[in-house]
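A look at the structure
Here is what each chain is made of, one letter per residue.
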Amino acid sequence: MLHAPLGQAVRRALLATTLVGAAPAVLAQEAQAPRTLDRIVVTGSNIPRTDTETASPVQVITRQEIDRTGKTTVAEYLQTLTSDGAGSIPKTFGNGFASGGAGVSLRGLGAGSTLILLNGRRMAPFGLADDGQKVFTDLSTIPLEAVERIDVLKDGASAIYGSDAIAGVVNVILRKDFTGAVIKGSYGTSGDSDGNQRKASITAGTGDLAKDGFNFFFSLEAAKTDAINVSDRRNRKWIGTGDIRPWGYDIGAATANGFLQGNITPGAIDPDTGIQGPGNSGSTPNGAVRDPVTLQYVSLPGCSQFSSVAPQDPNGGCLWDAAGLYRNLTPKEEYINFFSRGTFAISDETEFYTELSYSKKTNDFNNTPSGVSGSWGYPGGPVNASSGPGATVLGADHPDNPYGVPVRLRYSAFDVGPRTNHNESSFMRFLLGMNGMLGEWDYDVAYLHSQTDLTNTRTGFLRYSRVADVLTNPDSPVGYWRIGANSGLNSQALYDYISPTISARASSKLDMIDARAQRSLMDLRGGALGLALGLEYRRQTVELTPQTFTDIGDIIGLGYSAYDGKEQVASAYAELQAPVLESLELNAAVRVDSYEGGETSTTPKVGFKWKPMDWIALRATYAEGFRAPNPAESGKGGLAAFSNAQDPIRCPDGVNPAPGGTPADCQAQAVAIITSPNPDLKPEQAKSYTVGLVLDPTPSTSLTLDAFEIKRTDEILGGDPAGVIAANGDNVLRNDNDLPGLPHSGTLLAVSTGYINANATTVRGFDFDARQRFDLGNAGQLTLDLQWTRINSFKRDLDATFNPDGSLATAAESREYAGTHGNCDVTNCIGTPKDRANFGATWDVNAFKLSTVVNYRGSMDNTPWRGQPCASQFADGSPAPSGCELKSFYTIDLSGSWKPTESWEIFGSVANVTDRIAPLDPLTYGGVNYNPLDFSGALGRYYTIGVKYTFK
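Structural notes, computed from the coordinates. (Residues numbered from 1 in each chain as written. Predicted model: local features only at pLDDT ≥ 70, side-chain atom pairs only at ≥ 80, totals over all residues. Heavy atoms only, no water.)

Helix and strand content of the protein: 13 helices and 46 strands. Taking 952 residues into account, the globule formula puts the C-alpha radius of gyration at 30 Å, and the protein, at 29 Å, falls close to it. Principal-axis analysis of the C-alpha atoms places the extent of the protein at approximately 90 × 65 × 50 Å. One finds the centroid of the 80 positive side-chain charges in the protein at a distance of 4 Å from the centroid of its 102 negative side-chain charges. (Helix = DSSP H or I, 4+ residues; strand = E, 2+ residues; numbered from the N terminus. Rg over C-alpha atoms; globule rule 2.2 N^0.38 Å. Lys, Arg positive; Asp, Glu negative; His and termini not counted. Charge placed at Lys NZ, Arg CZ, Asp CG, Glu CD.)

This part takes up the side chain of Ser-88. By the element assignment, Ser-88 lies in the loop between α4 (74-78) and β2 (114-118). A polar contact is formed between the side chain of Ser-88 and the side chain of Asp-84, at a distance of 2.8 Å. From its side chain, Ser-88 meets the backbone oxygen of Gly-103 in a polar contact 3.2 Å long. (Polar contact = N/O pair within 3.5 Å; in protein donor to acceptor, adjacent residues only side chain to side chain.)

Each disulfide consists of a covalent bond between the sulfur atoms of two cysteine residues. Across all of its chains, the model carries four disulfides by this definition. Each disulfide pairs two cysteine sulfurs, and for Cys-303 the partner residue is Cys-318, the sulfurs being separated by 2.1 Å. As the torsion about the S-S bond is roughly 85°, the Cys-303-Cys-318 disulfide counts as right-handed. Remark: Cys-318 occurs in the loop between α7 (303-306) and α8 (322-326) and Cys-303 occurs in helix α7; sequence separation between them is 15 residues. Residue Cys-303 is classed as buried on the basis of its relative accessible area, which comes to 17%. Classification of Cys-318 as buried rests on a relative accessible area of 0%. Residue Cys-651 pairs covalently with Cys-666 via a disulfide, S to S 2.0 Å. One quick way to see it: the torsion about the S-S bond of Cys-651 and Cys-666 is about 95°, and its sign makes the bridge right-handed. In this pair, Cys-651 is assigned in the loop between β28 (636-645) and β29 (669-676) and Cys-666 in the loop between β28 and β29, connecting sequence segments 15 residues apart. Cys-666 shares its class with Cys-651; the two are buried. (Disulfide = S-S within 2.5 Å. Buried < 20%, exposed > 50% of the residue type's maximum accessible area, 1.4 Å probe, protein only.)

The next point concerns the packing of aromatic side chains. One pass over the structure, following the stated rule, counts 20 aromatic pairs. Seen in terms of ring centroids, Tyr-595 and Phe-626 are 6.1 Å apart; in terms of plane orientation they differ by 90°. Their pairing is edge-to-face. With Tyr-595 in strand β25 (residues 584-595) and Phe-626 in strand β27 (residues 616-627), this residue pair connects regions lying 31 residues apart in the sequence. Here Tyr-595 matches Phe-626 in class, with each residue buried. Pairing Tyr-622 with Tyr-689 gives two aromatic rings, centres 5.2 Å apart and planes at 45°, and the pair type is tilted. Pair noted here: Tyr-622 is in strand β27 and Tyr-689 is in strand β30 (residues 684-698), with a separation of 67 residues, a long-range link. The exposure class of Tyr-622 is partly exposed, given its relative accessible area of 23%. Positioned over the ring face of Phe-549 is Arg-463, at 3.7 Å from the centre of the ring. A cation over a ring is seen here: Arg-815 above Trp-865, with NZ or CZ 3.8 Å from the ring centre. (Phe/Tyr/Trp six-rings, centres within 6.5 Å; stacked < 30°, edge-to-face > 60°. Lys NZ or Arg CZ within 6 Å of the ring centre and 35° of its normal.)

Of note, Tyr-817 is situated in the loop between β39 (813-816) and β40 (835-845). Residue class for Tyr-817 comes out buried when judged on its relative accessible area of 2%.

Consecutive side chains along a regular strand alternate between the two faces of the sheet. Pairing analysis gives 15 bridges linking strand β14 (residues 332-347) to strand β15 (residues 350-367), with the strands arranged antiparallel. Paired with Thr-343 across the two strands is Tyr-353, which belongs to β15. Looking at chain direction, β15 and strand β20 (residues 419-438) are connected through 18 bridges and run antiparallel. When the bridges of β20 are listed, Tyr-358 appears paired with Met-428. (Pairing = 2+ DSSP bridges.)

Take the sheet that holds strand β19 (residues 407-410) next. Strand order across the open sheet formed by four strands is β12-β11-β19-β18, with antiparallel pairing between neighbours. Only two strands of the sheet have a single partner each, and these edge strands are β12 (297-299) and β18 (393-394).

A cis amide bond, omega 5°, links Gly-822 with the succeeding residue Asn-823. For Asn-823, the location among the structural elements is in the loop between β39 and β40. Cis geometry marks the peptide bond from Ala-880 to Pro-881; its omega dihedral reads -10°. The backbone of Lys-237 sits at a positive phi, close to 55°, despite the residue not being glycine. Structurally, the position occupied by Lys-237 is in the loop between β8 (228-229) and β9 (264-265). We note that Cys-829 has phi near 55°; this positive angle belongs to a residue other than glycine. Considering the arrangement of structural elements, one finds Cys-829 in the loop between β39 and β40.

Here we take up the nonpolar core. Membership of the largest hydrophobic core comes to 40 residues, with the highest contact counts inside it found for Val-74, Leu-78, Ile-142, Val-147, Ile-150, Val-170 and Val-172. The element best represented in this core is α4, accounting for four residues. Those residues in contact with Ile-142 that lie beyond four places of it in its chain are Val-74, Leu-118, Met-123, Val-147, Val-172, Leu-174, Glu-221 and Asn-337. Grouped together as the second largest cluster of nonpolar side chains are 27 residues, Val-289, Trp-320, Ala-385 and Leu-462 included. (Core = buried A, V, L, I, M, F, W, Y, C linked by side-chain atoms within 4.5 Å. Contact = heavy atoms within 4.5 Å.)

Moving on, we get to a nonpolar patch on the surface. The grouping of Tyr-187, Phe-848, Trp-898, Trp-904, Ile-906, Ile-945 and Val-947 at the surface amounts to a nonpolar patch, some 670 Å² of accessible area in total. Listed by contribution, the elements that provide at least two residues to the nonpolar patch are β45 (904-911) and β46 (942-951). As for its position among the elements, Ile-945 is in strand β46. (Patch = residues over 30% accessible without salt bridge, like charges linked within 9 Å, V, L, I, M, F, W, Y side chains within 5 Å. Areas by Shrake-Rupley, 256 points an atom, 1.4 Å probe, with all protein chains shown as cover. Salt bridge = Lys/Arg side-chain N within 4 Å of Asp/Glu carboxyl O.)

One pass over the structure, following the stated rule, counts 49 salt bridges. Residue Asp-444 is joined to Arg-121 by a salt bridge in which the shortest nitrogen-to-oxygen separation is 3.5 Å. Of the two residues, Asp-444 sits in strand β21 (residues 441-459) while Arg-121 sits in the loop between β2 and β3 (147-153), which places them 323 residues apart along the sequence. Across the pair, Arg-121 and Asp-444 agree in class, each one buried. Across the salt bridge formed by Arg-771 and Asp-769, the nearest N and O atoms sit 3.2 Å from each other. Accessibility expressed as a relative area gives 11% for Asp-769, which makes it buried. Through salt bridges with shared partners, one network takes in Arg-63, Asp-67, Glu-145, Lys-184, Lys-199 and Glu-221.

Written out as structure tokens, the structure reads:
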């Protein structure tokens, strides 16, 4: 063991600079210096070790690997990982519940089941829960310029880190010390000369810990990115428009965020009475009203002055490209991130350290104008503004009403403007700690405080009660709301009256005290028997106030989300590392978490690594995990959101509509989901298994293959919407356009459920990592690497559902999502491709470095789960896309740097260098006609150039 002050400085430097957990990361070091036998810290363990390859699979991402992709934030890079999946939250999802945040979802199990650490400790969660339910950590608050490396632990880690580590852990390691100063600036722009990003940073530090007894440094970065509109990509086929008829689709074939609005569908004819039922109409800028005699919707005049879409609707509606005109492809964003650390040698055996982080971010996203009808929910239940007594109508005396009696109205409030979403969020993290040696124990004790504050402000949304007032009441405070062709007659006072600025506030706080210590107990044949012990106390609170007026259901089309709660947990854990033979190492850990309120969880983990020869190793782990119910699920509040669902009432076999229906009835429908919290929820439980093979046949070659299985039980989710819809009881709200002879069969509007412990999900697959280095003599060095994740199975077991009278509504079943577009109950509906892969090549020669990265996503069946009918159809009724398959997609990124002197570096990158266009995805609601996994193919070619100067 080295001794302080020099010994501790060297040991801490090793902890900060060693690439942990993967043999490939060690290869470059071996080529430059003899291998050290000093002990190092490995993510996923509290015991330092001499061998970086552990029983657990850990992907180590170096700073160079991040830089070569041209990604400018931690989140953007991590979302390219092959192990990231469904439930990942990109910043481009500006109309989601967690707008402005960014998170990853290892193994597709959700952002709430992936634990994010900063220098091995937690961070306060983002103020807005994903899908209104899943509390997660916002990765965009971490300054990229301070990142040294990122470790991704790909097995369960609750025995080490506690709750939320079911799918794995992402540990972002920032610099531990720094001297000197570095300034850096870059400018990025797309091939269409938009989406411009300006970014600058400075990192500076002073003090040599070994010589001066201290080190202090800080890193400050700031960036500003311009928004891009969907209409700015009209040169990229379906990316820049909501009108996908040229590619074989029918009117309204895509989901709610991207379809061509305004079609009028005649109602079904009752064969017994010969009466045609009420058809449907989309929201249009000229407006459509329902004829009181025929009960069919009729367009009001003025379509030609608002829409240039051709051909127009053969049903007489007014088609207009609402998404193409108003919606952002990427939001406008500005942020500043700050990180600082000070380390002080108090004595030969003791160090004092402190960290301070601060982030400030604003984010703006524009969406389509609000309609005046629709359905939504709030704690009091569903609201139906499309039909029934609550339907939005034009009053009998309204000057734009041609019938002289109250008539239902469909209208898109283009004159109000787009719905805008503005987030201002701040993040703070303060850490104060001490570490050192006390006898034979190496200890670390720290206090952490972290918090987030967020204000979400929205404009362009409509108050339901006031819309009803100005459409029916001539004596309203602002008179009638003139619509369509006559909207120019309105006053600003009217718009202020019906569309006030609304807002919500969110905050989260995390306070944590932890103490951990480790020592060697005795010498075994393979080395020292290591023991680590730890204690932790954590208190976390989260609070979200609902958007103004959503608590009374008075904002048209806007769901409700609110929560308030706290979580207090005391934990104790122990870990053993036993190198029983030179070739065999055993590991074991156990953790007990005791929650206020009586819930206690005990989670073990065991593993082994066997090296029969120096160049080969076998490894395996078994771990149990858990995720405690968060306040959004078990506290006060509730959720009303939207999802996609298929209707087994109007389309019994999933292919052919019921008598009197239309082909549109067999499309996935947008439906409001109203979910209530449940204080009696149990924690989610998980068991994970990994088995791996590590091969280092030459000093320049490394191969790893790790198979994994994770089974999560007692999953916390809203009651299965599909089962509730199939039961078709009172908690299903429908339109009044019933099919002939089939009561309660109108178009789906809303479903009421509650959070429950139900279902189990099992994910099976493998990760493959290969790295090869070639020494080219005077031509430099070439390094190749490949990461491939294969999901063989992603199966969800659903419980049976029952009708109120106790009869069976839906039988228990298993749904296989691997290779399909499901599970669409989680963020974005990006699907579960079986294969994701990244291939990289880096050539270093003298002062130049050139890199290329190929990002690949495998194909997916466009079905909600295996064995189901195609979720989308072309206009002729055939499966869409062709063969009901979303084709595979890849992009190629290039980057390079040149160091003309020791101080100067010029760098640049080109993302999607071949300018490939993302395939048309008609099912996802995370992007307009493209899958969020393929965002680079929606954006197009993107250039970045920058300069870096290091003060010597």
